[in-house]
Amino acid sequence: MESGYLRTLSACLKHYRFVLIYGAGGVAGNLLTLLEPYIDRDRICIVVSKKKENADHLAEYPVRQIDEFIGIKEDTLVILAVMPRLAPEIEAHIRDLGFHNSMRAEEISKGLYEEIWQAGIDRNKIVFSSWAGGGFGGNAKYIALDLLERSQGLDLVWVLKSNSMELPDGIRGVLYGTYEHYWELGTACIWVDNEHKNFFTQKREGQYYLQTWHGGGPLKKIEFDGENIARTYLDLCEMNAKMVDLMISPSRFNSRLYRTAFHYTGEILECGYPRNDILWKKSNIRQKIERLFDIRPEELIALYAPSFRESRLKREDILDLADTSTAIEKRFEKGCRMFVRFHPSDSDAVKGYPWPAECIDATSYDDVQELLAAAEILITDYSSIMWDFSLKGKPVFLYHPDADIYRKERGYYLPFSEMPYVEAFDEEDLCRKIEGFNEEDYRERVAAFVKEYGSFDRGNAAKAVGDRIRKLLGE
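Let me begin by describing the structure that accompanies this report. Keep in mind that this is a model prediction, so the values were computed, not measured. (Residues numbered from 1 in each chain as written. Predicted model: local features only at pLDDT ≥ 70, side-chain atom pairs only at ≥ 80, totals over all residues. Heavy atoms only, no water.)

This part is about the pairing of strand 7 (residues 122-129). Both strand 7 and strand 10 (residues 188-193) contribute to a ladder of five bridges, which runs parallel. Of the residues in strand 10, the one forming a bridge with Asp122 is Ala188. Where strand 7 and strand 8 (residues 155-160) come together, four bridges link them in parallel fashion. Counterpart to Lys125 in the pairing with strand 8 is Asp155. (Pairing = 2+ DSSP bridges. Helix = DSSP H or I, 4+ residues; strand = E, 2+ residues; numbered from the N terminus.)

Written out as structure tokens, the structure reads:
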């Protein structure tokens, strides 16, 4: 599929020696993905005002300082790929530098949808996304599977970052950030997502946006409740809140949080998270994991799943998985296989991790919920999957060597000392607490905690959401 609008824009851009994309964040990254098929790559440059305040690269493009191009400013076009609140100040700055050929990213977005919206809305089309194309997982997966099983004639579209990702029969893929992606969004009846839509997403009358979000429980502060969160990110949050028609809540706490943290005023469906249904239902997930990773039935699976961090852990604070595994084997009197899964936004962390030979890197595994269903023990730090994992009373251990730093970065809704999970601040402390773990006491505290914060999960959330979608579609 080709865009006539982008082809015309490409022809106009050929009049310039260089196209300078101003910005090194999400808007610029999305613009790059959209434009790359239409512009010669050697004419694209990523620029900012102060290079030292930004990353060295955006995708594979080096980030350069805009004043490097002053000598050829008449032969360049600057596209401002930033959130709208920043655009006026930056426009004034580049004019002062002598760059008079410029346009804003929102102009491109407007032209894009003027073209796409000439097509009608397909009342049978639903577009699903999890972690901006991160794979077939999350709440969206279980909603899609429910619809696939119980409805006929639906066009189910899944957003992917790679054509190599596999999807079930009956669900087709589209690459994230491409023209085809925005075409599918622009002509679909319903969107299902677990995080904010990007800057280039526009919703029109007659479309329905169902937001499942991806975190549950009273854990780290998010969005407008958070601390030290960039105003431009909050602008994206606000943009999405105005488009969302329905949010899916896993607990009474989350229902309240959506009002404060998202500035969301619309309808909330209090049914639990579809992704957690797997924790209630009998399945062959354990056997599937055993086959994929060569695990023996008698072995205990422990999952280490750290959060995304702005600040990297010090080398001496990185968890020694071999020592931890030994402590688990001593306490639970079983052989232990340690799985490690980094956050979808932090997959590069895996590159420098000191892996013991017997540990399994599951970072690229699409569906962390399947790992949770198969595991007997979870070790994390600040990830909301601690809430999911503990819904069935399974042991959660928290490894917090950088608790003070993370508290300053994000803040918490509830001190960890008031949670039922076992908290440790260094490796020796963690191993000691694993070996002395009192499971009966832990289960009692977890049950009281889940009840206090009002979990809605009962194993039937996917059906509840599927029923709502079927009703919207007139089934």
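Don't stop here, the text continues.
Turning our attention to empty space enclosed by the protein. Enumeration over the complete set of coordinates arrives at one cavity of 30 Å³ or more. Its boundaries defined by the atoms lining it, the largest cavity holds a volume of some 50 Å³. His196, Tyr209, Gln211, Cys237, Asn240, Ala241, Val244, Met247, Phe262 and Tyr264 are the residues that line the largest cavity. Within the residue set of the lining of the largest cavity, elements represented by two or more residues are strand 11 (208-211) and helix 7 (231-243). Along the lines of polarity and charge, the residues of the lining of the largest cavity split into seven nonpolar, three polar and no charged. (1 Å grid on protein atoms, 1.4 Å probe; cavity = no way out; pocket = protein on both sides within 12 Å on 5 of 7 lines; lining within 4 Å. Points joined across faces, edges and corners; volume = space filled by probe spheres on them. Nonpolar A, V, L, I, M, F, W, Y, C, P; charged D, E, K, R; others polar.)

For the pair helix 10 (residues 321-332) and helix 14 (residues 427-435), the least separation of the axes is 8 Å and the interaxial angle reads 15 degrees. One way to sum up the angle between helix 10 and helix 14 is to call them roughly parallel. Once helix 10 is placed against helix 14, the crossing between them reads as right-handed. Taking contact as the criterion, the partners of Asp323, Thr324, Ala327, Ile328, Lys330 and Arg331 in helix 10 are, on helix 14, Glu427, Leu430, Cys431, Ile434 and Glu435. (Axes fitted to C-alpha atoms, helices over the stretch in contact; angles between N-to-C directions. Parallel < 35°, antiparallel > 145°, perpendicular 65-115°, else oblique. Left-handed = near helix turned anticlockwise from the far one by under 90°. Contact = heavy atoms within 4.5 Å.)

Right, let's talk about the nonpolar core for a bit. Judged by nonpolar contacts, the single largest core of 150 residues is most densely connected at Ile126, Phe128, Phe262, Ile328, Phe339, Ile379 and Ile469. Judged by nonpolar contacts, the second largest core, of 14 residues, contains Ile66, Ile90, Ile94 and Phe99. (Core = buried A, V, L, I, M, F, W, Y, C linked by side-chain atoms within 4.5 Å. Buried < 20%, exposed > 50% of the residue type's maximum accessible area, 1.4 Å probe, protein only.)

A word on unusual backbone geometry. One non-glycine residue, Trp213, lies in positive phi territory at about 55 degrees. Looking at the element boundaries, Trp213 is found in the loop between strand 11 and helix 7. Phi at Glu333 takes a positive value of approximately 55 degrees, unusual for a residue other than glycine. On the secondary structure map, Glu333 appears in the loop between helix 10 and strand 15 (336-340).

In this section: the packing of helix 5 (residues 138-150) against helix 16 (residues 461-472). Look at helix 5 against helix 16: their axes get within 9 Å of each other, and the N-to-C directions meet at 60 degrees. The crossing of helix 5 and helix 16 is right-handed. Taking contact as the criterion, the partners of Tyr142, Ile143, Asp146, Leu147 and Arg150 in helix 5 are, on helix 16, Ala462, Lys463, Val465, Gly466, Asp467, Ile469 and Arg470. Class assignment for the residues of the contact of helix 5 with helix 16 results in six nonpolar, one polar and five charged.

As a further point, take the sheet that holds strand 13 (residues 267-270). Read across the open sheet, the seven strands follow the order 9-8-7-10-11-12-13; overall the sheet is parallel. With partners counted over all chains shown, the strands left at the sheet margins are strand 9 (171-175) and strand 13, one partner each. Averaged over all adjacent pairs, the angle separating strand axes in this sheet is 25 degrees, with direction ignored. With five bridges joining them, strand 8 and strand 9 adopt parallel strand pairing. Among the inter-strand pairings, Leu160 is bridged to a residue of strand 9, identified as Leu175. Contacts between helix 5 and the sheet are confined to strand 7, strand 8, strand 9 and strand 10, with strand 7 contributing the most and set at about 145 degrees to the helix. Along the sheet, helix 8 (residues 252-261) contacts strand 12 (246-249) and strand 13; its crossing angle with strand 12, the most-contacted strand, is approximately 145 degrees.

Quick look at the environment of Arg410 now. Locating Arg410 in the fold gives a position in the loop between helix 13 (403-409) and strand 19 (422-424). For Arg410 and Ile229, which are 181 residues apart along the polypeptide, the C-alpha to C-alpha distance reads 7.9 Å. In this structure Arg410 touches Lys220, Lys221, Ile222, Gly226 and Glu227, once residues within four positions along its chain are discounted.

The values reported here are purely geometric and, on their own, carry no functional implication.
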